[in-house]
Structures are given as C-alpha cells and as structure tokens.
Amino acid sequence: PEAGTVDTPPGTEPEHWQEHHAARRDLPGAPPYEACEPAYRFGVRERQRYGPGAAWDDAEAALAHDWKAARGECTLSWVEAMPAVRAAWEGRAVE
C-alpha cells in the first residue's frame with residue numbers, strides 16, 4: 001500500500017471515537033482519549049491505505065512496525081495503542 005491523502009469515512013471522525021472511548025472495556029485503566037486519538041487516526045488511515053479487503057491478522061505486524069514512526073509525540077506503545085488502532089481499522093467502537 002502507498003501513503004496518500006485520506007478522506008475520513010462516516011463514523012470514523014474524531015468525535016465518533018471520543019464518544020465511544022469512555023466505554024472501553026478492553027483495557028482496565030485505559031489511557032484518556034487525548035492519548036489514544038493518534039492511534040484511532042492511524043487505524044482509520046491505515047485501513048484506507050490497505051483497502052477494504054485487507055485482513056487485520058495479515059497487516060498487524062506491519063502496522064506495529066509502522067506505529068513506531070507514525071505515532072509522533074504519542075507515548076503509547078503498540079500494545080497500548082493496538083486496541084484503538086484495531087477498533088478504528090474495523091470501524092467499530094472499542095469494546
């Protein structure tokens with residue numbers, strides 16, 4: 001996949017993720033939304049870059065590697081960011 005400009009599909013806007021972030025049940029003591037927002041953006045962007053037919057299991061190792069460069073000033077490790085990245089990749093609220 002090649003990087004490029006990305007449109008935000010409906011239901012993947014920052015407001016969508018912020019609204020559902022408080023309901024996170026996958027990580028006890030989950031970081032605040034502000035800390036996870038880059039992970040949500042990364043998941044949306046990478047899903048669009050890989051395309052709708054791409055499987056999470058096939059892409060996860062590359063995503064983990066790419067997160068190191070893409071996270072910018074975000075302090076979340078891949079393990080901490082992955083649930084938000086995956087939720088955004090799958091277009092669902094984090095459970």
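Computed from a prediction, not measured in an experiment: that's the story for all the values here.

To continue, consider the nonpolar core. Trp17, Tyr40, Leu63, Trp67, Trp78 and Val85 are the most contacted members of the largest nonpolar core, which has 21 residues in total. With seven residues, helix H4 (residues 78-90) is the single largest residue contributor to this core. If we skip the residues at most four places from it in the chain, valine 85 touches Ala39, Phe42, Gly43, Trp56 and Trp78.

A separate point is the packing of helix H3 (residues 56-70) against H4. For the pair H3 and H4, interaxial distance at closest approach is 11 Å and the crossing angle is 130°. By the angle between their directions, the pair H3 and H4 is classed as oblique. Taken as a pair, H3 and H4 cross one another with a handedness that is right-handed. For the pair formed by H3 and H4, the contact residues are Trp56, Ala59, Glu60, Leu63, Ala64 and Trp67 on the first element and Trp78, Ala81, Met82, Val85, Arg86, Trp89 and Glu90 on the second. In terms of residue class, the contact of H3 with H4 is made up of 10 nonpolar, no polar and three charged.

Here we take up the pattern of salt bridges. In the structure shown here, the tally under the stated rule is five salt bridges. Between arginine 49 and aspartate 66 there is a salt bridge, with its nearest N and O atoms 3.4 Å apart. A residue pair is termed long-range when its members are at least 10 positions apart, and arginine 49 in helix H2 (residues 33-50) and aspartate 66 in helix H3 qualify at 17 residues. By relative accessible area, which is 26% here, aspartate 66 ends up partly exposed. One salt bridge connects arginine 86 with glutamate 90, and the closest N-O pair in it is separated by 2.8 Å. Highlighted residues: arginine 86 and glutamate 90, both in helix H4, separated by four residues, approximately one helical turn. Several salt bridges converge on common partners, so that one network encompasses Arg45, Glu46, Arg49 and Asp66.

Quick notes on the rules
- Residues numbered from 1 in each chain as written.
- Predicted model: local features only at pLDDT ≥ 70, side-chain atom pairs only at ≥ 80, totals over all residues.
- Heavy atoms only, no water.
- Core = buried A, V, L, I, M, F, W, Y, C linked by side-chain atoms within 4.5 Å.
- Buried < 20%, exposed > 50% of the residue type's maximum accessible area, 1.4 Å probe, protein only.
- Helix = DSSP H or I, 4+ residues; strand = E, 2+ residues; numbered from the N terminus.
- Contact = heavy atoms within 4.5 Å.
- Axes fitted to C-alpha atoms, helices over the stretch in contact; angles between N-to-C directions.
- Parallel < 35°, antiparallel > 145°, perpendicular 65-115°, else oblique.
- Left-handed = near helix turned anticlockwise from the far one by under 90°.
- Nonpolar A, V, L, I, M, F, W, Y, C, P; charged D, E, K, R; others polar.
- Salt bridge = Lys/Arg side-chain N within 4 Å of Asp/Glu carboxyl O.

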